Amino acid sequence: MASISLSLNPHRHFSSSTTTTSSFASSTNPFRNLFQFHSTKPTILQFTTTTRISCCSLSAPPRLRPEYVPNRISDPNYVRIFDTTLRDGEQSPGATMTTKEKLDIARQLAKLGVDIIEAGFPASSEADLEAVKLIAQQVGNAVTEDGHVPVICGLARCNKNDIDMAWEAVKHAKKPRIHTFIATSEIHMKYKLKKSKEEVVERARSMVSYARSLGCQDVEFSPEDAGRSEREFLYQILGEVIKAGATTLNIPDTVGYTMPNEFGQLIADIKSNTPGIEDVIISTHCQNDLGLSTANTLAGACAGARQVEVTINGIGERAGNASLEEVVMALKCRGDQVMGGLYTGINTQHIVMASKMVEEYSGLLVQPHKAIVGANAFAHESGIHQDGMLKHKNTYEIISPEDIGLHRSNESGIVLGKLRYAVRYLTDFFFCGGFGCPWVFNLLRYSDDDVYN
């Protein structure tokens, strides 16, 4: 059993003198309400936290990326990062990128250490076909400084034309992948596809088999709208595509409908009830319609998914996708402590550059309060916060900005807000004759000691 040391009393400090045993199944686990998964083949996820409040640090020795094999990962704690910025991300309303811009972003994603780059949807247009082909030829054969070559993936609907075009585009890469999908929820099958369950299963099975027949050894299958699909039907269709040769099963919460405990349970149930599941990788793809894409993605990883589909800055259809920087930094900061040792192969020092590149090329501005990469993510305006930062940065920063490649000119991140400027101006010119009034201005520079002691 692993152990966790945690005090739930807000007036007490964390102590290293006591420990309690916990798991996701324990009623005393503080994470129980968020991640509680039950399985017909129970495997309780256990974790260990240290009692020390620690922050992300580049001082930790980097872990080696396992050798890439499509349907298995030698290290059970390694989580593959599948980036779909160039495909789902570009589907954001208002986002358009040229072929050169897509190639630049793909190169930056490779430098970042992304495992799989979904470079586009080749059947959607001749331009997308050519862009994916160019990325496959150049990025898909270039070796990074650490010896990494990313998988280059193309999306295809479950029909021969789409699959042929996807293969034509990605086959030039050293590690090509075809990602094919078909909807499996009742509402999609009835109103969009107008197909029966039997027809959908047969289409999925035959098209995965067809993709493998072209010579593609790495085929991903997605049951679109899995979050609203009938469980038994999901187990059936997933089992059939495994037999047909699928190497990765991606489970999409296509409309961002599920809660974290629901999505985690969905992954756990698929892992326990799908025949042949031990021979493939389980993946997640979570949309952000209810603002839960990152939480759902992490819940899926905790439940056994070992690939997560994300985008830079969280861009994508409607409210967007799970954000690469949020998922990666959550795993980096808390993976060892509360997620059983999960980790990725991402070089986080390239995050800021990737974010800025995608923002500029897509035309989609990052909101200032965006986690990790927003302009305010490492800025401190509150007097109490500033006091803490001046005394010890870890009081209000759980991530070092240098960890993500951000080098700020103001080392402490302190911002003099509009209120302080306004009040100082007024005190200077209306009360003190323009020569400054330190006794008034100093009232604005209060600290925790001033307020609580």
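Predicted model, so just to flag it, every value in this text is computed and none were measured. (Residues numbered from 1 in each chain as written. Predicted model: local features only at pLDDT ≥ 70, side-chain atom pairs only at ≥ 80, totals over all residues. Heavy atoms only, no water.)

### Some remarks on the pairing of strand β9 (residues 281-286)
The condition is simple: Classification of residues uses two cut-offs on accessible area relative to the type maximum, computed with a 1.4 Å probe and protein chains only: under 20% is buried, over 50% is exposed, and between them is partly exposed. Runs of H or I in DSSP of at least four residues are treated as helices and runs of E of at least two as strands, each being numbered from the N terminus. Paired strands, as defined in this entry, are two strands with at least two bridges between them according to DSSP. Whether a crossover is right-handed comes down to one check: with the strands pointing away from the viewer, does the path from the first strand over the helix to the second run clockwise; if it does, it is right-handed.
β9 sits mainly inside the fold: 6 of its 6 residues count as buried. Residues I281, S283 and H285 point to one face of β9 and I282, T284 and C286 to the other, with burial holding for every one of them. Relative to β9, strand β8 (residues 248-253) runs parallel, the two sharing 6 bridges. For D253, the partnering residue across the bridge sits in β9 and is C286. As a crossover connection, the stretch from β8 through helix α7 (residues 260-273) into β9 is right-handed. In the sheet, β9 pairs with strand β10 (residues 307-310) via 3 bridges, with the strands oriented parallel. Each bridged residue has a counterpart across the sheet, and for T284 the counterpart in β10 is V308. Considered for its hand, the β-α-β crossover made up of β9, helix α8 (residues 293-302) and β10 is right-handed.

### Here's the deal with helix α9 (residues 324-338)
Formally: Here the bend at each residue means the angle between axes fitted to two seven-residue stretches, the one ending at that residue and the one beginning there.
Approximately 45° is the largest bend angle found in α9, and it occurs at K332. If you check which residues of α9 are buried, you get L324, E325, V327, V328, M329, L331, C333, G335, Q337 and V338. The first or second residue beyond α9 is G340, which carries a positive phi of 70°.

### Structural notes on the environment of V373
Note the cut-off: In this analysis, two residues are considered to be in contact whenever any of their non-hydrogen atoms come within 4.5 Å of each other.
With respect to the element layout, V373 can be found in the loop between α10 (351-362) and α11 (383-391). Setting aside residues up to four positions removed in sequence, V373 forms contacts with N313, E325, I351, S355 and V366.

### A short note on the sheet that holds strand β5 (residues 151-157)
Short version of the rule: A fitted line through C-alpha atoms serves as each axis, taken over the contacting stretch for helices, and the angle formed by two N-to-C directions is quoted from 0 to 180°.
Taken in spatial order, the 8 strands line up as β3-β4-β5-β6-β7-β8-β9-β10 and close into a barrel, and their pairing is parallel. Adjacent strand axes in the sheet meet at a mean angle of 25° when their direction is disregarded. Sheet topology note: the β5/strand β6 (residues 176-183) ladder contains 6 bridges and is parallel. Looking at β6, one finds that C153 is bridged to R177. Contacting β5 and β6, helix α3 (residues 160-170) crosses the sheet at an angle of about 165° to β5. Seen against the sheet, α7 touches β8 and β9 and runs at an angle of roughly 155° to β9.

### Some points on the pairing of strand β4 (residues 116-120)
Burial analysis of β4 places 5 of its 5 residues in the buried class, the great majority of the element. Of the strand pairs in this sheet, strand β3 (residues 80-83) and β4 are connected by 2 bridges, and their pairing is parallel. If you follow D83 over to β4, its bridge partner there is I117. Crossover connection from β3 via helix α1 (residues 99-112) to parallel β4: handedness right-handed. When β4 meets β5, the two strands line up parallel, connected through 4 bridges. When the sheet's bridge partners are listed, E118 is paired in β5 with C153.

### Focus: the packing of α7 against α8
Helices that pack against each other are described as a pair by the angle of their axes relative to one another and the distance between those axes. This is how the line gets drawn: The hand of a helix crossing depends on one turn: near helix anticlockwise from the far one by less than a right angle means left-handed, and clockwise means right-handed. Only Asp, Glu, Lys and Arg are considered charged, only Ala, Val, Leu, Ile, Met, Phe, Trp, Tyr, Cys and Pro nonpolar, and every remaining residue, Gly among them, polar.
Interhelical geometry of α7 versus α8 gives an angle of 35° and a closest axis separation of 8 Å. Remark: the crossing between α7 and α8 carries right-handed chirality. Touching P260, F263, G264 and I267 of α7 are A295, N296, A299 and G300, all from α8. When the residues that make up the contact of α7 with α8 are grouped by side-chain class, the tally is 5 nonpolar, 3 polar and no charged.

### A word on helix α2 (residues 126-138)
For the record, the criterion: Every helix has an expected span of 1.5 Å times one less than the residues it contains.
Spanning 13 residues, α2 covers 18 Å between terminal C-alpha atoms, matching the ideal 18 Å at 1.5 Å per step. For α2, the complete set of buried residues consists of D128, L129, A131, V132, K133, I135 and A136. Residues of α2 that are buried in the fold lie against α1, β4, β5 and α3.

### What about the packing of aromatic side chains?
What counts here: Planes of paired rings set the category: under 30 degrees apart is stacked, over 60 is edge-to-face and the rest tilted, where pairs are Phe, Tyr or Trp rings (Trp by its six-membered ring) whose centres lie within 6.5 Å. When the NZ atom of lysine or the CZ atom of arginine is within 6 Å of a ring's centre and also within 35 degrees of its normal, the charge is said to sit over that ring.
Going through the model one piece at a time under the given rule, you end up with 1 aromatic pair. Ring centres of Y78 and Y343 lie 5.3 Å apart, and the angle between their planes is 70°; this geometry places the pair in the edge-to-face category. Taken together, the positions of Y78 in the loop between β2 (20-21) and β3 and Y343 in the loop between α9 and α10 put the pair 265 residues apart, joining distant regions of the chain. Judged by relative accessible area, which is 9%, Y343 ranks as buried. Its guanidinium or amino end placed over the ring of Y210, K160 lies 5.0 Å from that ring's centre, counting from NZ or CZ.

### Considering the nonpolar core
So the rule is basically this: Each nonpolar core is a collection of buried residues, namely Ala, Val, Leu, Ile, Met, Phe, Trp, Tyr and Cys, held together in the definition by side-chain atoms within 4.5 Å.
Residues L112, F221, I237, L249 and I251 are the most contacted members of the largest nonpolar core, which totals 95 residues. Looking at this core element by element, the count peaks at 8 residues for helix α6 (residues 231-244). When neighbours within four sequence positions are excluded, I251 is seen to be in contact with P223, A226, L238, F263, L266, I267, I270, I282, S283, T284 and H285. Judged by nonpolar contacts, the second largest core, of 5 residues, contains Y68, F82, I116 and V151.

### Re the pattern of salt bridges
For clarity, the threshold we go by: Take a side-chain nitrogen of Lys or Arg and a carboxyl oxygen of Asp or Glu: if they are within 4 Å of each other, that pair is a salt bridge.
The full count for this structure, using the stated rule, is 23 salt bridges. Here D104 makes a salt bridge to K100, at a shortest N to O gap of 2.9 Å. Remark: K100 and D104 occur in helix α1; sequence separation between them is 4 residues, near one turn of the helix. Note on D104: relative accessible area 15%, which makes it buried. With a shortest N-O distance of 3.0 Å, E240 and K243 are connected by a salt bridge. With E240 and K243 both in helix α6 and 3 residues apart, the pair spans about one turn of that helix. A single network of salt bridges, built from pairs that share partners, joins E130, K133, E168 and K171.

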